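The primary structure of each chain is shown beneath.
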Amino acid sequence: MLSTIRDSINAYGGACLEIDSTRSIYLTTLHQLDDPPEAADHHVPIFTDDNVRNRSELCKDLLVKEVLPHIDGYTHIACIAYKANVDIMLVRLCVQHLLYYGIVKLITIFQYSNVYLPTPKLGAVLTDSDLQSKCLSFITKPGDKEPAISAVFAVYAGLGPGVTVRDLCLRMNMQRLCINERPLIQFGVLHGLLRRLHKYPILLASNDDHKDSIYPLMNGQTCEDEICCATGFSQPELDALLEEDHHIAVCWK
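Summarised in this report is the structure supplied together with it. (Residues numbered from 1 in each chain as written. Predicted model: local features only at pLDDT ≥ 70, side-chain atom pairs only at ≥ 80, totals over all residues. Heavy atoms only, no water.)

### Re the packing of helix 7 (residues 149-157) against helix 9 (residues 181-190)
Here is the rule we go by: Note on method: axes are straight lines fitted to C-alpha atoms, helices fitted across the in-contact stretch only, with angles between N-to-C directions ranging 0 to 180 degrees. Elements are defined by DSSP. Helices are runs of H or I of four residues or more, strands are runs of E of two residues or more, and each kind is numbered from the N terminus. Just so you know how the angles are binned, under 35 degrees is roughly parallel, over 145 roughly antiparallel, 65 to 115 roughly perpendicular, and the rest oblique. Here, residues are in contact when the closest pair of their heavy atoms is within 4.5 Å. Residue classes follow a fixed rule: Ala, Val, Leu, Ile, Met, Phe, Trp, Tyr, Cys and Pro count as nonpolar, while Asp, Glu, Lys and Arg count as charged, and any other residue, Gly among them, counts as polar.
Running from amino to carboxyl end, helix 7 crosses helix 9 at an angle of 75 degrees, the nearest separation of the two axes being 11 Å. Judged on the interaxial angle alone, helix 9 and helix 7 are roughly perpendicular. Packed against helix 7, whose contacting residues are Val152, Val155 and Tyr156, the element helix 9 presents Leu184, Phe187 and Gly188 at the interface. Here the residues of the contact of helix 7 with helix 9 sort into five nonpolar, one polar and no charged.

Right, here's the structure in full:
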């Protein structure tokens with residue numbers, strides 16, 4: 001019997017022992033998953049597969065049921081908590097649970113002022129047919145013409161230090177290329193083709209004008225997205241503050 005259990009678990013990951021016609025014992029192995037990254041208020045959850053949204057077992061959890069409709073790949077956790085009228089700590093725990101099981105991944109907030117860097121993986125866009133198919137399916141609106149993969153690569157390659165998404169859109173006619181820049185950036189970050197370059201404000205010298213609660217966050221370790229979520233500042237407002245105050249430096253990393 002033990003050898004049968006061993007063989008069944010090795011082959012199928014589980015075994016069933018029939019005690020009699022009405023009783024059975026089911027055995028299974030549990031795989032220990034790696035701890036996921038910690039979900040923060042400014043992180044944006046995105047489904048790893050659109051089909052998981054409709055999985056019936058997810059909708060049985062009341063918290064998950066409230067949060068799922070607001071996960072769209074663009075809305076950050078703090079905003080999801082507001083829209084769903086759920087405590088933000090519960091939303092973080094919910095997203096952390098979904099992260100653990102690989103149902104979602106975390107990306108950064110999309111804004112046209114963002115700066116992205118292509119990664120060494122970008123070359124796969126020209127050589128990996130499976131990645132090409134996924135990319136074109138992801139970025140093409142229903143009923144629209146598919147863009148050329150060479151155009152997709154050119155847009156990705158046009159990003160770099162000092163080039164915002166807005167700059168790129170002004171330089172390259174996205175509509176003529178049949179490219180939707182929002183899902184294009186989203187796909188690039190999700191698949192490791194792009195890396196976001198964040199701004200980290202650093203308060204160099206403090207004085208009486210720096211008593212607001214926002215200034216302790218300017219420590220070189222808190223990015224603009226996190227500062228905006230914590231203080232309620234919009235990014236243009238924060239950028240204007242950084243530009244006006246000569247006691248603040250900005251590190252890009």
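### Digging into the pattern of salt bridges
So the rule is basically this: The salt bridge definition used is simple: a Lys or Arg side-chain nitrogen within 4 Å of an Asp or Glu carboxyl oxygen. Three exposure classes are used, based on accessible area relative to the maximum for each residue type with a 1.4 Å probe and protein chains only: buried under 20%, partly exposed in between, and exposed over 50%.
By the definition in use, this model includes seven salt bridges. Between glutamate 224 and lysine 199 there is a salt bridge, with its nearest N and O atoms 3.7 Å apart. On the criterion of sequence distance, the pair formed by glutamate 224 in helix 10 (residues 224-231) and lysine 199 in strand 7 (residues 199-203) is long-range, its members being 25 residues apart. Grouping residues by exposure puts glutamate 224 and lysine 199 together as buried. Each of Lys199, Glu224 and Asp239 takes part in one network of salt bridges that share partners.

### What to know about the packing of aromatic side chains
Centre distance and the angle of the planes are the two values used to describe a pair of aromatic rings. Going by this rule: Any two of the Phe, Tyr and Trp rings considered here, Trp counted by its six-membered ring, make a pair once their centres fall within 6.5 Å; the pair's planes then place it as stacked at under 30 degrees, edge-to-face at over 60, or tilted in between. Charge-over-ring placement is defined geometrically: NZ (Lys) or CZ (Arg) within 6 Å of the ring centre, and within 35 degrees of the ring normal.
Using the criterion set out here, one finds three aromatic pairs in the structure. Between phenylalanine 110 and tyrosine 112 the ring centres are 5.1 Å apart and the planes differ by 80 degrees, which places this aromatic pair in the edge-to-face class. Residue tyrosine 112 is classed as partly exposed on the basis of its relative accessible area of 29%. Over the ring of tyrosine 74 we find arginine 182, and its NZ or CZ is 4.2 Å from the ring centre.

### A word on the nonpolar core
Rules: Nonpolar core, defined: a set of buried Ala, Val, Leu, Ile, Met, Phe, Trp, Tyr and Cys residues in which side-chain atoms within 4.5 Å join the residues together.
Judged by nonpolar contacts, the single largest core of 25 residues is most densely connected at Val152, Val155, Tyr156 and Ile179. Counting residues per element, the ones that place at least two in this core are helix 6 (129-139), helix 7, helix 8 (165-171) and helix 9. Each residue touching valine 155, except ones within four places of it in the same chain, is listed here: Leu168, Met172, Met174, Leu177, Ile179 and Leu184.

### Let's talk about the packing of helix 10 against helix 11 (residues 235-244)
To describe two helices that pack against each other, one gives the angle between their axes and the distance between the axes. To be explicit about the condition: A crossing counts as left-handed when the near helix is turned anticlockwise from the far one by less than a right angle, and as right-handed when that turn is clockwise.
Viewed as axis vectors pointing N to C, helix 10 and helix 11 meet at an angle of 110 degrees, and their least axial separation amounts to 10 Å. The pairing of helix 10 with helix 11 is recorded here as roughly perpendicular in orientation. The interaxial crossing formed by helix 10 with helix 11 has right-handed handedness. Judged by residue contacts, Glu224, Ile227 and Cys228 of helix 10 engage Gln235, Leu238, Asp239 and Leu242 from helix 11. Its residues assigned to classes, the contact of helix 10 with helix 11 shows four nonpolar, one polar and two charged.

### Quick notes on the environment of lysine 145
On the secondary structure map, lysine 145 appears in the loop between helix 6 and helix 7. Considered as a pair, lysine 145 and leucine 177 are 32 residues apart in the sequence and their alpha carbons are 9.5 Å apart. Beyond its immediate chain neighbours, meaning those up to four positions away, lysine 145 contacts Thr140 and Cys178.

### Brief notes about the side chain of histidine 42
Within the fold, histidine 42 resides in the loop between strand 2 (24-28) and strand 3 (44-47). By relative accessible area, which is 10% here, histidine 42 ends up buried. With sequence-adjacent residues up to four places away left out, histidine 42 is seen in contact with His76, Ile109, Cys223, Asp225, Glu226 and Cys229.

### Re a nonpolar patch on the surface
This is how the line gets drawn: Any residue with relative accessible area above 30% and no salt bridge may belong to a patch, with like charges joined within 9 Å and the nonpolar Val, Leu, Ile, Met, Phe, Trp and Tyr side chains within 5 Å. Surface exposure here means Shrake-Rupley accessible area, sampled with a 1.4 Å probe, where a residue is shielded only by the protein chains that are shown.
A contiguous nonpolar surface patch, about 230 Å² in accessible area, is contributed by Ile19, Ile25 and Leu27. Mapping leucine 27 onto the fold places it in strand 2. The class of leucine 27 is partly exposed, set by a relative accessible area of 33%.

### Describing the state of the cysteines
Threshold: The criterion for a disulfide is a pair of cysteine sulfur atoms lying within 2.5 Å.
Scanning the entire structure with this criterion turns up zero disulfides. Not part of a disulfide, cysteine 228 finds its nearest cysteine sulfur in cysteine 229, a span of 7.1 Å.

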